[in-house]
Amino acid sequence: MGLRYLDGLMGFVIGDAMGVPLEFKKREELLAKPVTKMTGFGTHNVEEGTWSDDTSMLLATIDSINTKGTIDYMDIALKFTAFKNHAHYTPNNEVFDIGNVCARAIDKFDEERANPTQCGLTDINSNGNGSLMRILPIAYYAIERKLQDYEIIELVKDLSSITHGHEISIMGCYIYVRFIMFLLNGKDKLSAYSMTKCVDYSMFSEETIEVYKRILNDDISKLKLNDIKSSGYVVDTLEAVIWVVLNTDSFKASIIGAINLGEDTDTIGALVGAASGIIYGYDYIPEEWINELARKDYLLDIFEEFSENKYE
């Protein structure tokens, strides 16, 4: 597969599934006895290898692109609705752990059939990581389509706004997409981070740029563990993801580091897994973790189709 599709996408699902049983657990508890393998029957009482809404909404996005050959916001929103209301794109025909903001936005779309890019919540308190967790396909799409910067930001803005319309959420998605794009273009992780800091963010307000200052103005990797939060707030999540990626030296170490931060372990694990999968490669993902994934063949098929669709 070109552009390391399988590396990043399977890395994402692995991180998600590894984090699911540990979600909401306290960091102190996990650090005292770190989890280092695929487990199950934890927080959500599901079998090992079960992935969450993070992967389900990622799959819905990819399936739409595979079907339409382009970004069709109405089709993506319809597929989000099929996920929420009918358990499409799930590992076990069961919806669990869907975030409140995502659920409310999807319900608004379903009830009103409004412009999906205007259904996302826009208040300051609706800045969870529910759009960040599903934005990864846009990095691949933007490179394949050779999109210009202004086209990437518009795409990120509109896709995020299906569920999360506040500028803080949109900027977090944009930072992650650009970081992943640099990795996909062959940059090492330190160079990718440095280049991400140099991207033009002037389209965002000064107030929004300020909340990302620890990533963009400072060196997030230099912070101590206790300075990193792992909550579902989009800024905390993005800081934790980049911190883990920069402070680990293998795929396995990055996933173990991510999920043992506690709190929003599935999303942090997924976003770290995508970046680390691209950095280290699919062959360095532990084979036993891959084999334990629910619906592994389904995942491989949809990712292969995505990689072969050149969006022409």
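What counts, and at which threshold
Numbers given to residues run from 1 along each chain, matching the order in which its sequence is written. Restriction of local features to residues with pLDDT of at least 70 applies here, the model being predicted, together with a cutoff of 80 or more for giving and counting side-chain atom pairs; totals for whole chains, interfaces and linings are based on all residues. Hydrogen atoms and water are omitted, and side-chain values are computed over all heavy atoms in the structure. For salt bridges, the criterion is a side-chain nitrogen of Lys or Arg within 4 Å of an Asp or Glu carboxyl oxygen. Accessible area is worked out with a 1.4 Å probe on protein chains only. A residue is then buried under 20% of its type maximum, exposed over 50%, and partly exposed in between. Side-chain atoms within 4.5 Å link the members of a nonpolar core, which is a set of buried Ala, Val, Leu, Ile, Met, Phe, Trp, Tyr and Cys residues. Under the scheme used here, helices are H or I runs from DSSP no shorter than 4 residues and strands are E runs no shorter than 2 residues, and both carry numbers assigned from the N terminus. Two residues qualify as a contact provided that any one of their heavy atoms is within 4.5 Å of a heavy atom in the partner residue. Working definition: a ring pair exists when centres of Phe, Tyr or Trp rings (six-membered ring for Trp) sit within 6.5 Å. Plane angles under 30 degrees give stacked, over 60 give edge-to-face, the rest tilted. Given a helix with a known number of residues, its expected span is that number minus one, times 1.5 Å. N or O atoms closer than or at 3.5 Å make up a polar contact, with two conditions inside protein: a donor-capable atom paired with an acceptor-capable one, and, for residues adjacent in sequence, both atoms drawn from side chains. Each axis is a line fitted through C-alpha atoms, taken for helices only over the stretch in contact, and angles between the N-to-C directions span 0 to 180 degrees. Roughly parallel means an angle under 35 degrees; roughly antiparallel, over 145; roughly perpendicular, 65 to 115; everything else is oblique. Take the far helix as your reference; a near helix turned counterclockwise from it by less than a right angle gives a left-handed crossing, and one turned clockwise gives a right-handed crossing. Any residue that is not Ala, Val, Leu, Ile, Met, Phe, Trp, Tyr, Cys, Pro, Asp, Glu, Lys or Arg is counted as polar, Gly included; the first ten are nonpolar and the last four charged. Throughout, the protein atoms alone are placed on a 1 Å grid, and a set of points is a cavity if a 1.4 Å probe fits but cannot get out or a pocket if it is open with protein on both sides within 12 Å along at least five of seven lines; lining residues have an atom within 4 Å of a point. Grid points are joined across faces, edges and corners, and a volume is the space filled by probe spheres set on the points. Note that patches include only residues with greater than 30% relative accessible area and no salt bridge, and the join distances are 9 Å for like charges and 5 Å for nonpolar side chains (Val, Leu, Ile, Met, Phe, Trp, Tyr). The protein chains shown are the only cover counted for residues, whose accessible areas, like all others here, come from Shrake-Rupley with a 1.4 Å probe. Asp and Glu count as negative and Lys and Arg as positive, but His and the ends of the chain are not part of the count. Where a charge sits is defined by one atom per residue type, namely NZ (Lys), CZ (Arg), CG (Asp) or CD (Glu).

(A) How the structure looks around the pattern of salt bridges. Applying the stated criterion across every chain, the model contains eight salt bridges. For Lys213, the salt bridge goes to Glu210, with nearest N and O atoms at 3.1 Å. For Lys213, a relative accessible area of 37% translates into the label partly exposed.

(B) Expanded view of the nonpolar core. By size, the foremost hydrophobic cluster in this structure holds 105 residues, and its most contacted members are Tyr176, Tyr212 and Phe303. Examining the composition of this core, we find that 14 residues originate from one element, helix H8 (residues 167-184), more than from any other. Those residues in contact with Tyr176 that lie beyond four places of it in its chain are Leu132, Ile135, Leu136, Leu238, Val241, Leu271, Ala274 and Ala275.

(C) How the structure looks around the packing of aromatic side chains. Under the criterion given, the structure shown has six aromatic pairs. For the pair Phe251 and Trp289, a centre-to-centre distance of 6.4 Å together with 55° between the ring planes defines the contact as tilted. One end of the pair, Phe251, is in helix H13 (residues 251-259); the other, Trp289, is in helix H15 (residues 287-291), with 38 residues separating them in the sequence. According to the relative accessible area criterion, Phe251 is buried, its value standing at 1%. One aromatic cluster is present, built from ring pairs that chain together Tyr5, Tyr140 and Phe306.

(D) Examining helix H4 (residues 73-86) more closely. For H4, which comprises 14 residues, the first-to-last C-alpha distance of 19 Å matches the rise-based estimate of 20 Å (1.5 Å per residue) to within 8%. Along H4, the residues classified as buried are Tyr73, Asp75, Ile76, Ala77, Lys79, Phe80, Thr81, Ala82 and Phe83. On its buried face, H4 sits against helix H3 (53-68), helix H5 (100-112) and helix H7 (149-160). With a side-chain oxygen lying 3.2 Å from the backbone nitrogen of Met74, the N-terminal cap of H4 falls on Asp72. Ala87 occupies a position one or two residues after H4 and carries a positive phi of about 60°.

(E) Main features of the packing of helix H1 (residues 5-19) against helix H14 (residues 265-280). Two elements in contact, H1 and H14, have axes whose closest approach is 6 Å; the angle formed by their N-to-C orientations is 150°. If you check the angle between H1 and H14, you find them roughly antiparallel. Once H1 is placed against H14, the crossing between them reads as right-handed. Packed against H1, whose contacting residues are Asp7, Gly8, Gly11, Phe12, Gly15, Asp16 and Gly19, the element H14 presents Thr265, Asp266, Gly269, Ala270, Leu271, Gly273, Ala274, Gly277 and Ile278 at the interface. When grouped by side-chain class, the residues that make up the contact of H1 with H14 number five nonpolar, eight polar and three charged.

(F) Quick peek at the layout of surface pockets. A volume near 280 Å³ is recorded for the largest pocket. If you trace the largest pocket, you find 20 residues lining it, with Glu23, Asp97, Gly99, Asn129 and Asp264 closest to the centre. The element contributing the most residues to the lining of the largest pocket is H5, with three residues. Looking at the lining of the largest pocket residue by residue, the class counts come to four nonpolar, nine polar and seven charged.

(G) Looking closely at the side chain of Ser64. Within the secondary structure layout, Ser64 lies in helix H3. Its relative accessible area of 0% is what places Ser64 among the buried residues. With near-sequence residues (within four places) excluded, Ser64 lies in contact with Gly69, Thr70, Asp72, Asp75, Ile76 and Lys79.

(H) Up close: H1. Over its 15 residues, H1 extends 21 Å from the first C-alpha to the last, a length consistent with the 21 Å expected when each residue adds 1.5 Å. Among the 15 residues that make up H1, 15 are buried, leaving the element largely enclosed by the rest of the structure.

(I) Region of interest: the environment of Tyr5. Mapped onto the elements of the fold, Tyr5 is located in helix H1. Through-space distance from the C-alpha of Tyr5 to that of Asp72 is 21 Å; in sequence the pair is 67 residues apart.

(J) Spotlight on a negative patch on the surface. Taken together, the side chains of Asp297, Asp301, Glu304, Glu305 and Glu308 present a region of like negative charge at the surface. Counting through the fold element by element, Asp301 comes out in helix H16 (residues 296-308).

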